[in-house]
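Letter by letter, the chains look like this.
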Amino acid sequence: MRILGIETSCDETGIAIYDRERGIVADTLYSQVSVHERYGGVVPELASRDHIRKTLPLIETTLNQAGLKARDLDGIAYTAGPGLVGALLVGALLGRSLAYGLDIPAIGVHHMEGHLLAALLEPLKPTLPFLALLVSGGHTLLVEVAALGVYRIIGQSIDDAVGEAFDKTAKLLGLPYPGGPALAQLAERGNPTRFHFPRPMLLDRADLDFSFSGLKTHAMVTYKGLVAKGEDTESTRADIAAAFQAAAIDTLVAKSKRALAQTGLKQLVVAGGVSANQYLRRTLEKETEFETFFPRLKYCTDNGAMIAYAGYLRLQNGEHSELTVGVKPRWPLSELKSIQSNLG
Ligand code: KG4
Ligand code: ZN
């Protein structure tokens, strides 16, 4: 069984093919950085138009890379949400139409389930049940995973997602889009103890929710104060980046540990764009009370492989999408159906 995965929910066109026997056999990615960088962030209409230009040629490249023809495919998976509506529609319409033309089933995949399942593409896999920390540009979720497809959200951000806070703080410090990775890079050169930023909602609340908007404001006030004093140097910006990163990541780690303690779970899956953060990976890898599982770096940020794999699991579970193409810009993870699997 071979499934083509199409990811177009935001600013990356990701295409991959998952083969039941061989795993991911081809995987391509086109990033729209050059389209959006002059605007300092993703322009939704430009994202849709660029997906229209890039998706079909990238599918052809991916098939060539795998040495396959379209008729060798057994199903097509596309991201159906959450994400930018126009961008989602490009992948969904193309995926659905291709599947119709090839007379094979199509399946609309939940982007965040894709991120979560990407960790299972690694040779060392967690066993069910486990806890998942899903951290991207649009989501910060702590999810109790009782079975694949059975997701209970036990913590989430009440305002900005952690990736969004990274992006906004990066912009404030004058870093180019995409800000998150640039801020993380700058932070590696900074002194994280020069400024101490608050760990939001950690000591004052016993729950598992997050808030990152105040942290971003704290970074802004600190930075503007230093600019006013004529201290706007590269090393000051690096120190602010390091203080921000330490506060944001320490909060993610602390709440994950609290969630593990509350649920009694011993395994943590971390996925989504922010799971590429090296400080987060280093911090969690030091923990001995529980095991942490990450996707490889290229499957942390948006990619087609996670959609192909999630689509494979759902198609072999007997699900498929109707001929009517529907996308869901908002789509709670808790609405998904369980997947019968032999993971554990
Ligand atoms: O999963 P993703 O590629 O797209 C969404 O689904 O949103 O995540 C993108 C987010 C962005 O906010 C980006 O700044 C952040 O992940 N990100 C990082 C790093 N790499 C990507 N944040 C912190 N450190 C990184 N190394
Ligand atoms: Zn994503």
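Please read all numbers here as calculations on a predicted model, not as lab measurements.

## Some remarks on the environment of Asp 160
And then number 1: Looking at where Asp 160 falls in the secondary structure, it is placed in the loop between strand S8 (150–156) and helix H5 (162–172).
And then number 2: Residue class for Asp 160 comes out buried when judged on its relative accessible area of 9%.
And then number 3: Sequence separation between Asp 160 and Thr 140 is 20 residues, and the spatial gap between their C-alpha atoms is 8.5 Å.
And then number 4: The residues contacting Asp 160, other than those within four sequence positions of it, are Thr 140, Lys 168, Phe 212, Ser 213 and Lys 216.
And then number 5: One polar contact links Asp 160 to Lys 216, side chain to side chain, over a distance of 2.9 Å.

## Brief notes about the pairing of strand S3 (residues 23–31)
And then number 1: Pairing of strand S2 (residues 12–19) with S3 involves eight bridges; the strand directions are antiparallel. Following the sheet pairing, Gly 14 is matched in S3 by Leu 29.
And then number 2: Connecting S2 to the next strand, S3, in antiparallel fashion are three residues.

## Thoughts on the coordination of the zinc ion (ligand 2)
And then number 1: Protein coordination at the zinc ion (ligand 2): the donors are His 111 (NE2), His 115 (NE2) and Asp 302 (OD), at 2.0 Å from the metal.
And then number 2: Within one chain, the residues serving as donors to the zinc ion (ligand 2) are arranged as H-x3-H-x186-D. Placement of His 115 in helix H4 (residues 111–118) and of Asp 302 in the loop between strand S10 (291–293) and helix H10 (305–316) is noted, with a sequence separation of 187 residues between them.
And then number 3: Take His 115: its relative accessible area is 0%, and that puts it in the buried class.
And then number 4: The exposure class of Asp 302 is buried, given its relative accessible area of 14%.

## Focus: the sheet that holds S8
And then number 1: Pairing in this open sheet of five strands is mixed, and the strands run S8-S7-S6-S9-S10 from one edge to the other. Bordering the open sheet on either side are S8 and S10, each of which pairs with just one other strand. The sheet shows a mean angle of 25° between the axes of neighbouring strands, direction not considered.
And then number 2: Across four bridges, strand S6 (residues 130–135) lies against strand S9 (residues 267–271) in parallel orientation. The residue of S9 that forms the bridge with Leu 134 is Ala 271.
And then number 3: With respect to the sheet, H4 is in contact with S6, strand S7 (140–147), S8 and S9, its orientation differing from that of S6 by roughly 120°.

## Side note on the site of ligand 1
And then number 1: Taken together, 19 residues surround ligand 1, and among them His 115, Gly 137, Asp 167, Gly 273 and Asn 277 come closest.
And then number 2: The contact in question runs from a nitrogen atom of ligand 1 to an N or O atom on the side chain of Asn 277, over 3.0 Å.
And then number 3: In the complex, 86% of the free accessible area of ligand 1, which totals 550 Å², lies under the protein chains.
And then number 4: Among the secondary structure elements, those contributing two or more residues to the shell around ligand 1 are H4, H5 and helix H6 (179–188).
And then number 5: A per-element tally of the shell around ligand 1 places H5 first, with four residues.
And then number 6: When the residues that make up the shell around ligand 1 are grouped by side-chain class, the tally is five nonpolar, eleven polar and three charged.

## Let's talk about the packing of aromatic side chains
And then number 1: Using the criterion set out here, one finds five aromatic pairs in the structure.
And then number 2: Seen in terms of ring centroids, Tyr 18 and Tyr 312 are 4.9 Å apart; in terms of plane orientation they differ by 40°. Their pairing is tilted. Here Tyr 18 is found in strand S2, whereas its partner Tyr 312 is found in helix H10, with 294 residues between them in sequence.
And then number 3: Take Tyr 18: its relative accessible area is 10%, and that puts it in the buried class.
And then number 4: Each ring, one from Tyr 309 and one from Tyr 312, has its centre 6.4 Å from the other, and the planes form 20°; the classification is stacked.

## With respect to the sheet that holds S2
Whether parallel or antiparallel, the strands of a sheet pair through hydrogen bonds between backbone atoms.
And then number 1: Read from one edge of the open sheet, five strands run S3-S2-S1-S4-S5, paired in mixed fashion. The sheet is open, and its two edges are formed by S3 and strand S5 (106–110), each paired on a single side. Taking the axes of each pair of neighbouring strands and ignoring which way they run, one obtains an average angle of 20° across the sheet.
And then number 2: Running over the sheet, H4 touches strand S1 (2–7), strand S4 (75–81) and S5 and is turned about 80° from S5.

## Points about the domain arrangement of the protein
And then number 1: When the domains of the protein are assigned, the result is domain 1 (2–117 + 302–335) and domain 2 (128–294).
And then number 2: If you average the C-alpha positions of domain 1 and of domain 2, the two centres end up 28 Å apart.
And then number 3: Listed per partner, the contact involves 18 residues of domain 1 and 19 residues of domain 2.
And then number 4: Both sides of the domain 1 and domain 2 interface together cover about 1,400 Å² of buried area, and 73% of this is carbon and sulfur.

## Considering the state of the cysteines
And then number 1: Tallying each qualifying case throughout the model produces zero disulfides.
And then number 2: Its sulfur unpaired, Cys 10 is 17 Å from the next cysteine sulfur, which belongs to Cys 300.
And then number 3: Residue classification places Cys 10 among the partly exposed residues on the basis of a relative accessible area of 23%.

## Looking at the pattern of salt bridges
Two side chains carrying opposite charge are able to pair once their charged atoms lie near each other.
And then number 1: A complete count under the given rule lists 24 salt bridges for this structure.
And then number 2: Here Asp 19 and Arg 2 are joined by a salt bridge, their closest N and O atoms 3.3 Å apart. With Asp 19 in strand S2 and Arg 2 in strand S1, this pair connects stretches of sequence that are 17 residues apart.
And then number 3: The exposure class assigned to Arg 2 is partly exposed, which follows from its relative accessible area of 25%.
And then number 4: Glu 234 is the partner of Arg 189 in a salt bridge, and the nearest nitrogen-oxygen pair spans 2.7 Å. On the criterion of sequence distance, the pair formed by Arg 189 in the loop between H6 and helix H7 (213–228) and Glu 234 in helix H8 (residues 234–263) is long-range, its members being 45 residues apart.
And then number 5: Sharing partners across several salt bridges, the network here consists of Asp 160, Glu 164, Lys 168 and Lys 216.

Rules used throughout
Residues numbered from 1 in each chain as written. Chains lettered and ligands numbered in written order. Predicted model: local features only at pLDDT ≥ 70, side-chain atom pairs only at ≥ 80, totals over all residues. Heavy atoms only, no water. Helix = DSSP H or I, 4+ residues; strand = E, 2+ residues; numbered from the N terminus. Buried < 20%, exposed > 50% of the residue type's maximum accessible area, 1.4 Å probe, protein only. Contact = heavy atoms within 4.5 Å. Polar contact = N/O pair within 3.5 Å; in protein donor to acceptor, adjacent residues only side chain to side chain. Pairing = 2+ DSSP bridges. Donors = N, O, S within 2.8 Å, 3.2 Å for Na, K, Ca; no water. Axes fitted to C-alpha atoms, helices over the stretch in contact; angles between N-to-C directions. Near = heavy atom within 4 Å. Areas by Shrake-Rupley, 256 points an atom, 1.4 Å probe, with all protein chains shown as cover. Nonpolar A, V, L, I, M, F, W, Y, C, P; charged D, E, K, R; others polar. Phe/Tyr/Trp six-rings, centres within 6.5 Å; stacked < 30°, edge-to-face > 60°. Domains from an automatic or database assignment. Buried area = accessible area lost by both parts, 1.4 Å probe. Disulfide = S-S within 2.5 Å. Salt bridge = Lys/Arg side-chain N within 4 Å of Asp/Glu carboxyl O.

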